[in-house]
Amino acid sequence: MQQAPNARAFLRRLHPWIGKAVHVRWTVRRSLYQSEVNALLMALDAKHGRMSPELSLRVQGLLGRLYLEWFPRTWRRDPTYAEILGDFRWWLGVAERWSEPPAKPGRRRRATYAPRADQPKRLLRLLGLPHECTAGEFMASWRRFLKAHHPDLNPDQTPDERRHFAEAVALWRR
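Report on the accompanying structure. (Residues numbered from 1 in each chain as written. Predicted model: local features only at pLDDT ≥ 70, side-chain atom pairs only at ≥ 80, totals over all residues. Heavy atoms only, no water.)

**Details of the overall build of the protein**
Point 1. A count of helices and strands for the protein gives 7 helices and 0 strands.
Point 2. Relative to a compact globule of 174 residues, whose C-alpha radius of gyration would be 16 Å, the protein shows 36 Å and is clearly more extended.
Point 3. Seen along its three principal axes, the alpha-carbon backbone of the protein occupies a region of about 100 × 40 × 25 Å.
Point 4. A fraction of 51% describes how many contacts in the protein between residues 6 or more apart in sequence connect residues 24 or more apart.
Point 5. Of the roughly 12,600 Å² of accessible surface on the protein, a fraction of 54% belongs to carbon and sulfur atoms.
Point 6. Of the charged side chains in the protein, 32 are positive and 17 negative; the average position of the first set lies 5 Å away from that of the second. (Helix = DSSP H or I, 4+ residues; strand = E, 2+ residues; numbered from the N terminus. Rg over C-alpha atoms; globule rule 2.2 N^0.38 Å. Contact = heavy atoms within 4.5 Å. Areas by Shrake-Rupley, 256 points an atom, 1.4 Å probe, with all protein chains shown as cover. Lys, Arg positive; Asp, Glu negative; His and termini not counted. Charge placed at Lys NZ, Arg CZ, Asp CG, Glu CD.)

The following block contains the structure:
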């Protein structure tokens, strides 16, 4: 005997596919299988724990009949109940993967890794940057600093400001 929650979960997974997967050579209408699965699910919802032997035989009989309809005759000769369950689980896995919507092609993202600025900590402190800043952040801040403090662009600088600029240029690693 199997447990009711396992059989219930399996039948709930199988139920939507009964209405979709129909072959012209099926001998029984799919509505009969759907009504039988609905009746079994209602019976299993009333059960907690282990299934009764009658209910277990009913589930096994349904899956055996459905297996003969679903899979070709050459698929497996005289399968056991475990093989039937395995084949249905395999088929459901394939069908669920195929029915997923295709992934949307997104824009390629650049690598999230950015190299760190290989500059002295003192220079980074002068620019007001953290010591773990990236090379791009350093270059942007360095260019702003050059525009703001270059002696040719600022002729009325004090000697202290010129010394501050010269010290920063001396620290800069090219």
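**Describing the nonpolar core**
Point 1. Ranked by size, the top nonpolar core spans 27 residues in total, and within it Leu 11, Leu 14, Leu 63, Leu 66, Trp 70 and Phe 88 carry the most contacts.
Point 2. In terms of residues, this core owes the most to one element, helix α3 (residues 53-70), which gives 7 residues.
Point 3. Ignoring any residue separated from it by four or fewer positions in sequence, one finds Phe 88 in contact with Phe 10, Leu 14, Leu 63, Leu 66, Tyr 67, Trp 70 and Phe 71.
Point 4. Within the second largest apolar cluster, 11 residues are counted, among which are Leu 123, Cys 133, Phe 138 and Ala 168. (Core = buried A, V, L, I, M, F, W, Y, C linked by side-chain atoms within 4.5 Å. Buried < 20%, exposed > 50% of the residue type's maximum accessible area, 1.4 Å probe, protein only.)

**Focus on the packing of aromatic side chains**
How two aromatic rings sit relative to each other is set out by the distance from centre to centre and by the angle between their planes.
Point 1. Tallied over the entire structure, the rule returns 12 aromatic pairs.
Point 2. Here the aromatic rings of Tyr 67 and Phe 71 are separated by 4.7 Å at their centres, their planes lie at 35 degrees, and the arrangement is tilted.
Point 3. Ring centres of Trp 75 and Trp 90 lie 5.4 Å apart, and the angle between their planes is 35 degrees; this geometry places the pair in the tilted category. With Trp 75 in the loop between α3 and α4 (81-99) and Trp 90 in helix α4, this pair connects stretches of sequence that are 15 residues apart.
Point 4. The class of Trp 75 is partly exposed, set by a relative accessible area of 36%.
Point 5. By way of ring pairs, the aromatic residues Phe 10, Tyr 67, Trp 70, Phe 71, Trp 75, Phe 88, Trp 90 and Trp 91 are connected into one cluster. (Phe/Tyr/Trp six-rings, centres within 6.5 Å; stacked < 30°, edge-to-face > 60°.)

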